[in-house]
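Here's the letter readout for the chains.
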There are 2 protein chains.
Amino acid sequence: MSIQTDPYTSRGTEPQIIERQDPVVYTDSRESGFLSANQLQFYEDNGYLFFPDFFSPQETLELQEQQQRLWREGIGQEGPEYVREPESDMIRSIFAVHHNDPFFSALLQDPRLVSLARQILGSEVYIHQSRINFKAGFRGKDFYWHSDFETWHAEDGMPRMRAFSISIALTENNPFNGPLMVMPGSHRYFISCIGATPKNHYQKSLRAQQYGIADDNSLTYLARQCGIEMPTGTAGSLLAFDCNIMHGSNSNISPYPRSNVFAVYNSIDNRLGPPFAASEPRPWYLASR
Amino acid sequence: MSIQTDPYTSRGTEPQIIERQDPVVYTDSRESGFLSANQLQFYEDNGYLFFPDFFSPQETLELQEQQQRLWREGIGQEGPEYVREPESDMIRSIFAVHHNDPFFSALLQDPRLVSLARQILGSEVYIHQSRINFKAGFRGKDFYWHSDFETWHAEDGMPRMRAFSISIALTENNPFNGPLMVMPGSHRYFISCIGATPKNHYQKSLRAQQYGIADDNSLTYLARQCGIEMPTGTAGSLLAFDCNIMHGSNSNISPYPRSNVFAVYNSIDNRLGPPFAASEPRPWYLASR
């Protein structure tokens, strides 16, 4: 007889707010590593950390050039790693760059990033997912509130909250171009979402998510508890955020595009199993196994 | 033989950027009136003015209560003044409140507002259009860049740029809930838009505009010249902006709704004639004659 021990059930018939059952920072020795004790404390309390000048101007320039190279190489490519805009053939995201591209593979093994990841997750780490996003100006769509962990747990079988994401800005993020918004502290609440996951849902969800999104009441509650922050800055800035923080972005009618490198570090002690709320796991380029 | 003297042709086959042919501030005696000489100068240079605390907290509370009353009264109303959300029956705007509602009619004749209007337009004034907007949280859509004058000229027959709008905030405007964005100084350029106006276009354009919108190149040019500003503040603030300033707003996925009273003051020396680029003028509740 199997006993239900999953504390983070989702995709049921009733929305529910569940308290986080896992640590946010896993390391015990907070004194050594890339982050100061204060930074770790901020991350633990708020679920995110913003570094305005993580990369030097020269490093940033190279990142931008490499992004442009990838986009040029992507013209006409048909692989599933290439996700296009809902209403045009423009590439919106390229997935699995840590696997497919030597430059970005090396970038994501940068000693600063690996130290950051080990310090937060308290173990060796690996990359669960990576992608580069390019959100054009004028007609960039919004991306609704969600917790990444909700999807990774339900659809990818990630057991616990022991992962986090980084977003490296390749363009300026400002209040006009639909930057990422986070609810600080919302990583302490798991919003159980309603609706069973349809088969191959991921093929649509990358363009516009319809399942695994939080209900209005839970979002209102979280926004009242946590407020909303919008970490903005120049290209070369880095945002690190917990796998369960509630985040999203408004549309972008400004002429300013938005581009970033996104990667997820997961603890090797948190490897994926079978999905918790989907009939089949998502493919390798969305979730490394 | 009639001679084409319209300096602001639009809805043709080629986009065009035309320099403004009209004053921004029409009054000669800048010393007397609601606005200081500095404020008038700011308005002339930038095409807008923001007043963080135009209405007192008590006045603001009454405005909010009156808005709620109008929304209650609007349930089930079928008049064309009631515009609903594209995907639901929720009221998004109620038009012609200066005409239909004694409270808002009086509000828009507030001596401070009339003094402001006379000072900018240099003549007696009347209300060209009024409405109250309510943009719900979570699913508020974006409103693409446009010049109001482009529409009022092409579809309503407003001869010259001698009108301006006010927006009274009934809720807080913050960077998260899709506030109005303006391009300061863009009121000095008329962007001639492409595409002939379809008949009864207004019935759709109030929900999502498809004609009279500026092209990407012109918007990029304007944004480089002018930048973008986002005047935000608490309920009770007032934004006054020139009829030709380029403005728009991103979507609103935040839980915070956005509501405002919007009215257009036009000079009595700038009364409407036949539309410049449409087969029929729009109805009275969109454009007083």
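Cut-off values and rules
Residues numbered from 1 in each chain as written. Chains lettered and ligands numbered in written order. Predicted model: local features only at pLDDT ≥ 70, side-chain atom pairs only at ≥ 80, totals over all residues. Heavy atoms only, no water. pLDDT = per-residue confidence, 0-100. Core = buried A, V, L, I, M, F, W, Y, C linked by side-chain atoms within 4.5 Å. Buried < 20%, exposed > 50% of the residue type's maximum accessible area, 1.4 Å probe, protein only. Helix = DSSP H or I, 4+ residues; strand = E, 2+ residues; numbered from the N terminus. Contact = heavy atoms within 4.5 Å. Least-squares fit on C-alpha atoms with pLDDT ≥ 70 in both. Pairing = 2+ DSSP bridges. Axes fitted to C-alpha atoms, helices over the stretch in contact; angles between N-to-C directions.

1. Things to note about the confidence of the model for chain A
Detailed reading of the predicted coordinates is not advisable wherever pLDDT is low. Confidence in the prediction of chain A, expressed as mean pLDDT, is 91, and 94% of residues score 70 or more. With a pTM of 0.90, the predicted complex shows an ipTM of 0.87.

2. Examining the nonpolar core
Ranked by size, the top nonpolar core spans 37 residues in total, and within it Leu116(B), Phe164(B), Ile166(B), Ile168(B), Leu238(B) and Tyr265(B) carry the most contacts. Considering each element in turn, this core owes the most residues, 5 residues, to helix H5 (residues 111-121) of chain B. Contact partners of Ile168(B), with chain neighbours within four places excluded, come to Phe55(B), Leu63(B), Leu107(B), Ser237(B), Leu238(B), Ser259(B), Asn260(B) and Val261(B). By size, the runner-up hydrophobic cluster in this structure holds 35 residues, among which are Leu121(A), Phe164(A), Ala240(A) and Ala263(A).

3. Quick notes on the relation of the copies chain B and chain A
Mapping chain B onto chain A is achieved by rotating through 180° and translating by 0.0 Å along the same axis, at an RMSD of 0.0 Å. Classification of the inter-copy transformation places it as that of a two-fold axis. No C-alpha of chain B lies nearer the rotation axis than that of Ser251(B), which sits 2.7 Å from it. Of the residues that chain B buries at the interface, 100% are likewise interface residues in chain A, meaning the two copies contact each other through the same surface.

4. So, the sheet that holds strand S11 (residues 247-249) of chain B
All names here are of chain B. Across the sheet, which stays open at both edges, the 3 strands sit in the order S6-S11-S8 with antiparallel pairing between neighbours. Bordering the open sheet on either side are strand S6 (143-146) and strand S8 (180-182), each of which pairs with just one other strand. Pairwise comparison of adjacent strand axes, ignoring direction, gives a mean angle of 20° for this sheet. Note: S8 against S11, 3 bridges, orientation antiparallel.

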